[in-house]
Every structure is written in C-alpha cells, then in structure tokens.
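# Descriptive analysis of the structure
Listed below, chain by chain, are the residues.
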Amino acid sequence: SAVIPLYNEAQSLEELCSRLTRTLATLTERFELIFVDDGSTDSSFAVLQSLHQRDSRVKAIRFRRNFGKSTALSAGFKKAKGSIIVTLDADLQDLPEEIPTLLNRLEQGYDLVSGWKKKRKDSPIRKIASRLFNRVTAFFTGVRLHDFNCGLKCYRRELVDELALYGELHRYIPAIANWKGFRVGEVKVGHHPRKHGESKFGSERYLRGLFDLLTVIMLTKYPEKPLHFFGLLGTILSLSGLAINLYMAILRISGKWISNRPLLLL
Ligand code: UDP
Ligand code: MG
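Keep in mind the model is a prediction, meaning the values are calculated, not measured. (Residues numbered from 1 in each chain as written. Chains lettered and ligands numbered in written order. Predicted model: local features only at pLDDT ≥ 70, side-chain atom pairs only at ≥ 80, totals over all residues. Heavy atoms only, no water.)

Moving on, we get to the overall build of the protein. What the protein contains, in helices and strands, is 10 helices and seven strands. Here the C-alpha radius of gyration of the protein, 24 Å, is well above what a compact globule of 266 residues would show, namely 18 Å. Across the 266 residues of the protein, 47% fall into the buried class. Relative to all contacts within the protein whose residues are 6 or more apart in sequence, the contacts with residues 24 or more apart total 77%. In the form shown here, the protein has an accessible surface area of approximately 15,000 Å², with 58% of it arising from carbon and sulfur atoms. (Helix = DSSP H or I, 4+ residues; strand = E, 2+ residues; numbered from the N terminus. Rg over C-alpha atoms; globule rule 2.2 N^0.38 Å. Buried < 20%, exposed > 50% of the residue type's maximum accessible area, 1.4 Å probe, protein only. Contact = heavy atoms within 4.5 Å. Areas by Shrake-Rupley, 256 points an atom, 1.4 Å probe, with all protein chains shown as cover.)

What follows is the structure, encoded as structure tokens:
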C-alpha cells in the first residue's frame, strides 16, 4: 500500500500517480495507492476522483479541513491493507522509482527504512536548519539517522499498526519506532526541487519541531518514570530552599532581622 498525504498538490497528482503505478506494478500484482487529501482548497480531490475512475486501485480519503501531515498519514495507515506500506510526498520531490531500493533494504531485516536526502534541493537556510534538527534529534533519541523527516519511507504492517501520529509527530517516526523496539534503517535517495506549488510548512516549523522534540523525548525516555526528569530539578530546588531557610532561621534566632532580606523572598 502506498500512502500519499497531500495538501493543494493538484498539478503533481497525475504524474505522481502514473509513475507510482508503473513502479509498483514491477514489484507486485496487488497494490493500492491511498491518497489522503488533507483539506485541499484547489482541485486536488477532483483530480483524485478522475484517477480513481480510471483505476480502482487508486483510492482517496478527503478531510473536511486541513489537519496536518501526521493526521493525514495516520488516516492512510488505517485504511491501508498491504503487509508493506510505503509513504511518499505528493509534490514529486521524492522519486517513486526509488521504492524498490527501500524495499530491498527492508528485506535485509528492518521494520522501517527511511530515505536519506543526501543532496537536498532546498534553500540554504532549510539545509542548515535540517542538518541541525537531524543532529539534535539523533543525539537526544539515540537513533543514528541522517534524515528523520524524509517523506519517502517503507514500513512493515506491524509497525504502522503501533504508530499513533498526531500534531507534527511525523518528523519523529523513526525515533518512536526505535523506542518501540523496531529496527530502523536508511538508504540514500535523490531529492528534487518542487516543480509546482510551494512548501506547506513555513518557518514556524522550526519552533514547532523543537516543542515536538520535547514531546518525543518525554514520550520515549520518561513515559513510566517522569520523576527521573523532574526529580533532578526538584531535588536541586528543594535542597537549596532548605539551605536558605536553615541559614535564615539561624540568623533570626541569633537576633538579626530577616524580613528586609531579598534572600527570604527567594
Ligand atoms: N502536506 C499535507 N498536509 C499539510 C502539509 C503538507 O498533507 O498540512 C503534504 C504535502 O502536500 C506534501 C507533503 O505533505 O505532499 C510534504 O509537504 P511539503 O512538500 O510542503 O514539505 P517540504 O517538502 O517543504 O518539507
Ligand atoms: Mg516537499
């Protein structure tokens, strides 16, 4: 099953669908393309309807409004029937022709294989930010990947069934998968500049990505032991409070004023 989340990508859908169909047909007789229209306001859904009329293996889900890529992926995963699931972006930045390479790697004993856009075709700022994002994420999650947020990925069904995606957690799928004990691998893939339309994520992505990283760290590292995270901070604060109070108590008993001391407020 191929799952493709899309938001206002009408101009790319025809080409994507035909290239994807051609590639999948070389791999298997039974496949499906699940397009998830994440509340597009252009003619994307109409294009999907006509694609479905031509080929019933093309299926489409339509959201009433824009819910975000994670929710779109999640809806596609729920509908997907295949034992192997491939995701890719709808803007043709990912190449459908590279799916066989990912599947080969999956066969070598992985549950998730992610593309690694070694040569990104994005603005210099995006490239630097993305490198930083990937380094920080790899450091905090312990997952040694170069490119967490590549749209092109393939999964075994068992993994997909366990993923609960919401908000913008799609950026951290490899980290969540690794935490759940699945084997995560990567292969280098090509990356193309966007042909039509523009990126659907603005610069607020960086700030949100940061908050999501916190969410992922809490979810993966401290879900059953939140005290290990808050405990250290709490202990330091408690001990210094105790020391200050003790000191003030001694001052007061030895007859000094303490109500004029900022230390008391602290
Ligand atoms: N997308 C989506 N919902 C959104 C934003 C994006 O389904 O709210 C889709 C989008 O249509 C594309 C994929 O997610 O197929 C990746 O988005 P985009 O190409 O804008 O991201 P970038 O390549 O700039 O990281
Ligand atoms: Mg893109």
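The subject of this paragraph is the sheet that holds strand β7 (residues 184–189). Think of a sheet as strands paired side by side through backbone hydrogen bonds, with each pair either parallel or antiparallel. Strand order in the open sheet formed by seven strands is β3-β2-β1-β4-β6-β5-β7, and the pairing between neighbours is mixed. Two strands in the sheet have a free side with no partner beyond their single neighbour: β3 (58–62) and β7. Strand-to-strand, the axes of this sheet are offset by a mean angle of 20 degrees, without reference to chain direction. Relative to strand β2 (residues 33–37), strand β1 (residues 2–6) runs parallel, the two sharing five bridges. Counterpart to L6 in the pairing with β2 is D37. In the packing of helix α1 (residues 10–25) onto the sheet, the strands contacted are β1, β2 and β3, and the crossing angle to β2 comes to about 155 degrees. The sheet strands contacting helix α4 (residues 99–107) are β4 (84–87), β5 (112–117), β6 (153–156) and β7, and the helix crosses β6 at an angle near 35 degrees. (Pairing = 2+ DSSP bridges. Axes fitted to C-alpha atoms, helices over the stretch in contact; angles between N-to-C directions.)

Quick look at the layout of surface pockets now. Over the atoms a probe the size of a water molecule is rolled, and this reveals where empty space is left. Its boundaries defined by the atoms lining it, the largest pocket holds a volume of some 1,100 Å³. Surrounding the largest pocket, 50 residues form its lining, R126, N149, R171, F201 and R205 being those nearest its centre. Elements supplying a minimum of two residues to the lining of the largest pocket: β1, α3 (69–79), α5 (124–141) and α8 (204–221). Of the residues that constitute the lining of the largest pocket, the class distribution is 16 nonpolar, 13 polar and 21 charged. (1 Å grid on protein atoms, 1.4 Å probe; cavity = no way out; pocket = protein on both sides within 12 Å on 5 of 7 lines; lining within 4 Å. Points joined across faces, edges and corners; volume = space filled by probe spheres on them. Nonpolar A, V, L, I, M, F, W, Y, C, P; charged D, E, K, R; others polar.)

This model, assessed by the stated rule, comprises one cavity of 30 Å³ or more. Taken as a whole, the largest cavity holds about 80 Å³ of empty space. Forming the boundary of the largest cavity are 14 residues, of which K69, L73, C150, G151 and K153 lie nearest the centre. For the lining of the largest cavity, the secondary-structure elements that each account for two or more residues are α3 and β6. Classifying every residue of the lining of the largest cavity by side-chain character gives seven nonpolar, four polar and three charged.

Taken together, 18 residues lie near ligand 1, and E9, D38, D91, S199 and K200 sit nearest. At 3.1 Å from an oxygen atom of ligand 1 is found a side-chain nitrogen or oxygen belonging to R126. Side-chain polar atom of R194 to an oxygen atom of ligand 1: 2.9 Å apart, as the coordinates give it. Here ligand 1, which alone exposes 540 Å², has 94% of that area covered by the protein. Its atoms largely coinciding with the cavity grid, ligand 1 occupies the largest pocket. (Near = heavy atom within 4 Å. Polar contact = N/O pair within 3.5 Å; in protein donor to acceptor, adjacent residues only side chain to side chain. Sits in = over half its atoms within 2 Å of the grid points.)

Contact pair α5 / α8: the axes reach a minimum separation of 11 Å and the direction vectors enclose 10 degrees. Overall, the two elements α5 and α8 adopt an arrangement that is roughly parallel. Of the residues in α8, those in contact with I125, R126, A129, V136, T137, F140 and T141 of α5 are R205, Y206, L213, V216, I217 and K221. Taken together, the residues of the contact of α5 with α8 sort by class into eight nonpolar, two polar and three charged. (Parallel < 35°, antiparallel > 145°, perpendicular 65-115°, else oblique.)

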